[in-house]
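Close look at the chain arrangement
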Amino acid sequence: MKSIAIGIVLALTLVSVFALGAYLRDIGQAYERVQGQSTILTSPFGDIEYTEIGSGIPVLVIHGAGGGYDQGELIARTVLDERFRWIIPSRFGYLGSTLPEGAAWDEQADAYAYLLDHLGIANVAVVAMSQGGPSALLFSVLHPERVSSLTCLSCGVVNSATADQAQADQKGNTLKALFKVDAPFWIVSKLFKRQLMVLIGADEKVIGPLTPPQRDSIGQLIEHMNPASLRAKGVAFDNEATLPGARISAIKAPTLLFHAEDDGLQLYHNAEFAASTIPEARLVSFKSGGHIVTIVEQTIIREMLQEYILDRGSEPEAAGT
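Per chain, residue numbering runs from 1 following the sequence as it is written. Whole-chain, interface and lining totals are the exception, using all residues; otherwise, since this is a predicted model, local features are given only for residues with pLDDT of at least 70 and side-chain atom pairs are given and counted only at 80 or more. Only heavy atoms go into the side-chain values, all of them from the structure, while hydrogens and water stay out.

Before going further, it helps to examine the side chain of Thr-277. Strands here are runs of E lasting at least two residues and helices are runs of H or I lasting at least four, both read from the DSSP assignment and numbered beginning at the N terminus. Structurally, Thr-277 is set in helix H11 (residues 269–277). Look at Thr-277 and you get buried, because its relative accessible area is 18%. N or O atoms within 3.5 Å of each other form a polar contact, as long as, within protein, one can give a hydrogen and the other can take it, and as long as residues adjacent in sequence are counted only when both atoms are side-chain atoms. Engagement of the side chain of Thr-277 in a polar contact is seen with the backbone oxygen of Phe-273, the distance being 2.6 Å. By definition, residues are in contact when any of their heavy atoms lie within 4.5 Å. Residues contacting Thr-277, with those up to four places away along its chain left out, are Ala-246, Ile-248 and Ser-249. Accessibility here uses a 1.4 Å probe with only protein chains present; expressed as a share of the type maximum, an area under 20% marks a residue as buried, one over 50% as exposed, and anything in between as partly exposed.

Right, let's get into the environment of Thr-51. Here Thr-51 lies in strand E2 (residues 46–53). The spatial distance from the C-alpha of Thr-51 to the C-alpha of Glu-73 is 8.5 Å, given a sequence separation of 22 residues. Once residues lying within four places of it in the same chain are set aside, the contact partners of Thr-51 are Gln-37, Ser-38, Tyr-69, Glu-73, Trp-86, Ile-87 and Ile-88. Within the local environment of Thr-51, its side chain forms a polar contact with the side chain of Glu-73, the two groups lying 3.1 Å apart.

Before going further, it helps to examine the nonpolar core. Joining through side-chain atoms within 4.5 Å is the link that ties buried Ala, Val, Leu, Ile, Met, Phe, Trp, Tyr and Cys residues into a set, and such a set is a nonpolar core. Formed by 41 residues in total, the largest nonpolar core has its most connected members in Val-126 and Phe-139. Elements with a contribution of two residues or more to this core: E2, strand E3 (57–62), helix H3 (105–119), strand E5 (124–129), helix H4 (133–142) and strand E6 (147–153). With eight residues, H3 is the largest single contributor of residues to this core. Not counting the four nearest positions on each side in its chain, Phe-139 is found in contact with Leu-60, Ala-109, Tyr-112, Ala-113, Leu-116, Val-124, Val-126, Pro-144, Arg-146 and Val-147. Core analysis: the next-biggest nonpolar cluster, separate from the first, contains 27 residues, Tyr-69, Ile-88, Phe-258 and Tyr-308 among them.

Let's shift gears to the confidence of the model for the chain. Every residue carries a pLDDT, the predictor's confidence in it, which falls somewhere between 0 and 100. The predicted model of the chain averages 90 in pLDDT, with 91% of residues at 70 or higher. Predicted confidence for residues 7–18 stays below pLDDT 50, and this span has zero contacts to residues more than four positions away or in other chains.

Structure representation (structure tokens):
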């Protein structure tokens, strides 16, 4: 019995050593991936981190919860092509962007305007995903002259008092807890990826039929949430800030909404509310796809979104620049 016990201890020790080695390797690579790849702009809102890719019609790409400019780049590659100039900031509290004390979505919207001024861009098409929606919507409210079109991909807009909303809020709180330090999220992203997909709004009916390329895309999206601790302040802010709600009735920009009816994180009522509140907004809904509908229905969304932006255009440079 003693030899068996020793064998078990040795086996557990080896597993722990290999697991620690894998963790240190992966987290080291994650930190290396997000460092030195972006530009930091000093502003009245603190540091604004961003990247630019390509040329053509400028598009402000606003990432979702758990993201940063790196997630924004994944979103851009999913729905845009080389005809567009991608401008991709990290939102407040994500990676290299400051979270100003007492900030709200309004200040984040103003920070986008400051970034565009710095780049000499008069107006942009705006593409936002998930919890990138509130600041994109308020950017359209507060700076209407800067927005040639607005596209929302499964975006948060308004709260409700339903049981489904309470369940979705609990998922958000769980994600907030996971992002506090690097190790817990890394473990979940490696060992419990399917459960994490459910947590981010895709149920088993959505996960089951996914193709290998779709699974790869979702896996990359999850992988790019590492290192989690560099995104913790942003995730907390996303969970605590007040959604824009009825304020979006002031939006003048042409608005296109994509949303799945079975989204378990940003519930479908967000899209219904936006479609009924924003003047002449167009809602394209899908029966299934959950919160990953942009990947599940990539071909349709990519084609419609690009056509929508191209039809409305934008001014590539600010007057006098």
